[in-house]
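# Structural features, examined
Letter by letter, the chains look like this.
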Amino acid sequence: MEIIILKNAKVGSEVGGKIIADLIEEKPNAVLGLATGSTPLMLYTEMIKSHKEKGLDFSKVTTFNLDEYIGLEKNHYASYFRFMNENLFSQINIPLENINIPDGMAKNVKLHCQEYEAAIVKAGGIDLQVLGIGSDGHLGFNEPTSSLASRTRIKTLDEQTREDNKRFFKNSEEVPYHCITMGIGTVMDARTNLLFAFGENKATAVQQMVEGPVSAMCPGSVLQMHPNAIVILDEAAASKLSKIDYYKWVYKNKPEWQIY
Ligand code: PGA
């Protein structure tokens, strides 16, 4: 895992945005895995800026989102489909047919999940997966105790996650109990995983992910087994790490050709 600790979420998102822009410039038909929630919002702002100001071309890019709530129509105000459209897709030149988000209204969820996995394979696999981490350590909606080898499937949300996400809904009763999420095995197949965590309420999950044992109790910890996982943190999210000075030194002293 490469740990990058930066001043704040804005700088972290700028660095992340550059990593993604470089990938798309090098590989115009890159396959991106995308995430929702508060964390990637500034990253999406950076991607939109790269498109509008520098002409970054998304016309050949394909995307797969991590997850979606079960039971929400695409245009429901809290659906991840709507979130992605409003915060990214409507503001870049990605063709609609290149966008993949699990369908929370799928009639046959099991079949839909199998087809989602098959579509990722057909697209050539995910080049770079954007991730956040839940305060309970979840990746996507893979809650603690999820199989570390899991594939796209239905999951039941942890109460902590329903509590954390109620801010996106009118009231806590409206937060769905079930979702479709890429599995941890699916995330591990991405060629690069790029995880962002900002704010003090992520500090414990980040510490367990980076320095704790690999354990299904903290799904994020599986990234210790990934050959190319980059973790971008602000000072607050990094505050419980025991080797902060080491991570900072490594990043500051990277040879120039390695710096993002
Ligand atoms: P957040 O969610 O970005 O809204 O904190 C992250 C996650 O649940 O993975």
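The structure under discussion appears in the preceding block.
Quick summary incoming for the structure in this document. (Residues numbered from 1 in each chain as written. Predicted model: local features only at pLDDT ≥ 70, side-chain atom pairs only at ≥ 80, totals over all residues. Heavy atoms only, no water.)

### Things to note about the pairing of strand β1 (residues 2–6)
Looking along a regular strand, one sees the side chains alternate between the two faces of the sheet. Our working rule: Think of it in three bands: residues with accessible area under 20% of the maximum for their type are buried, residues over 50% are exposed, and the middle band is partly exposed, with areas taken using a 1.4 Å probe on protein chains only. Under the scheme used here, helices are H or I runs from DSSP no shorter than 4 residues and strands are E runs no shorter than 2 residues, and both carry numbers assigned from the N terminus. Two strands qualify as a pair provided DSSP detects at least 2 bridges between them.
Along β1, five of the five residues are buried, which leaves the element largely enclosed by surrounding structure. The alternating pattern of β1 places Glu2, Ile4 and Leu6 on one face and Ile3 and Ile5 on the opposite face, and all of these are buried. Pairing geometry for β1 and strand β10 (residues 229–234), over five bridges, is parallel. Opposite Ile3, over in β10, you have Val231 as the bridge partner.

### Regarding the packing of helix α1 (residues 9–26) against helix α2 (residues 41–54)
The following threshold applies: Axis lines are fitted through C-alpha atoms, for helices just across the contact stretch, and the angle between N-to-C directions can take any value from 0 to 180 degrees. Every angle not falling under 35 degrees, over 145, or within 65 to 115 is termed oblique; those three ranges are roughly parallel, roughly antiparallel and roughly perpendicular. Handedness of each helix crossing follows the sense of rotation of the near helix against the far helix: counterclockwise by less than a right angle gives left-handed, clockwise gives right-handed. What makes two residues a contact is simply this: any of their non-hydrogen atoms within 4.5 Å. The nonpolar class holds Ala, Val, Leu, Ile, Met, Phe, Trp, Tyr, Cys and Pro. Asp, Glu, Lys and Arg form the charged class, and all remaining residues, Gly among them, are polar.
Where α1 contacts α2, the two axes come as close as 8 Å, and the packing angle between them is 50°. Judged by the angle between their axes, α1 and α2 are oblique. Every pair of crossing elements has a handedness; the one defined by α1 and α2 is right-handed. Counted together, Ala9, Lys10, Ser13, Glu14, Gly16, Gly17, Ile20 and Ala21 of α1 and Met42, Leu43, Glu46, Met47 and Ser50 of α2 form the full contact between these two elements. Counted by class, the contact of α1 with α2 contains six nonpolar, four polar and three charged residues.

### So, the state of the cysteines
Under the convention used in this document: Cysteine sulfurs are considered disulfide-paired once they come within 2.5 Å of each other.
With the rule as written, the count across this model stands at zero disulfides. Take Cys179: it sits in no disulfide, and the sulfur closest to it among the cysteines is that of Cys113, at 9.5 Å.

### Overview of the sheet that holds strand β7 (residues 153–156)
Two strands in a sheet stick together by hydrogen bonds in their backbones, pointing the same way (parallel) or opposite ways (antiparallel). A sheet is described by the order of its strands in space; here three strands give the open sequence β4-β8-β7, paired in antiparallel fashion. Two strands bound the open sheet, and with one partner strand each, they are β4 (67–69) and β7. Sheet twist, expressed as the mean angle between neighbouring strand axes with direction ignored, is 30°.

### Details of the pairing of strand β3 (residues 62–65)
The alternating pattern of β3 places Thr62 and Phe64 and Thr63 and Asn65 on opposite faces, both of which are buried. For strand β2 (residues 31–34) and β3, the ladder comprises four bridges, and the chain directions are parallel. Within β3, the position partnered with Val31 by the bridge is Thr62. Sheet analysis places β3 next to strand β5 (residues 99–100), joined by two bridges and oriented parallel. Its bridge partner lying in β5, Thr63 is registered against Ile99.

### Some points on the site of the ligand
Which entries qualify depends on this criterion: Proximity is defined per residue: any heavy atom of the residue falling within 4 Å of a molecule or strand makes that residue near it. Any N or O atom pair separated by 3.5 Å or less is treated as a polar contact, with the protein-specific requirement of one donor-capable and one acceptor-capable atom, and with residues adjacent in sequence counted only for side-chain atom pairs. We get accessible surface area from the Shrake-Rupley algorithm with a probe of 1.4 Å; when it comes to residues, only the shown protein chains can shield them.
Taken together, Gly37, Ser38, Thr39, Gly132, Ile133, Gly134, His138, Arg167 and Lys202 make up the full set of residues near the ligand. A distance of 2.9 Å is found between an oxygen atom of the ligand and a backbone nitrogen or oxygen belonging to Ser38. A distance of 2.6 Å separates an oxygen atom of the ligand from a polar atom in the side chain of His138. Protein coverage of the free-state accessible area of the ligand, which is 280 Å², stands at 84%.

### Regarding α2
Cut-off, in case you're wondering: Between the first and last residue of a helix there are one fewer steps than residues, each counted as 1.5 Å, and that sum is the expected span.
Over its 14 residues, α2 runs 19 Å from end to end, which matches the ideal 20 Å to within 8%, given 1.5 Å per residue. Every buried residue belonging to α2 is among Leu43, Tyr44, Glu46, Met47, Ile48 and Ser50, and all of these are buried. Remark: Gly55 follows α2 within two positions and exhibits a positive phi of approximately 70°.

### Some remarks on helix α3 (residues 80–87)
Residues that lie three or four places apart on an α-helix share one face, since the helix turns once every 3.6 residues. Quick reminder of the rule: It is the directions from the helix axis to the C-beta atoms whose arc is reported.
The set of residues buried in α3 consists of Tyr80, Phe83 and Met84. Each buried residue of α3 lies within a common arc of 95° when the element is viewed along its axis, so the set occupies one face. Packing partners of the buried residues in α3 comprise β2, α2, β3, β4 and α5 (159–165).

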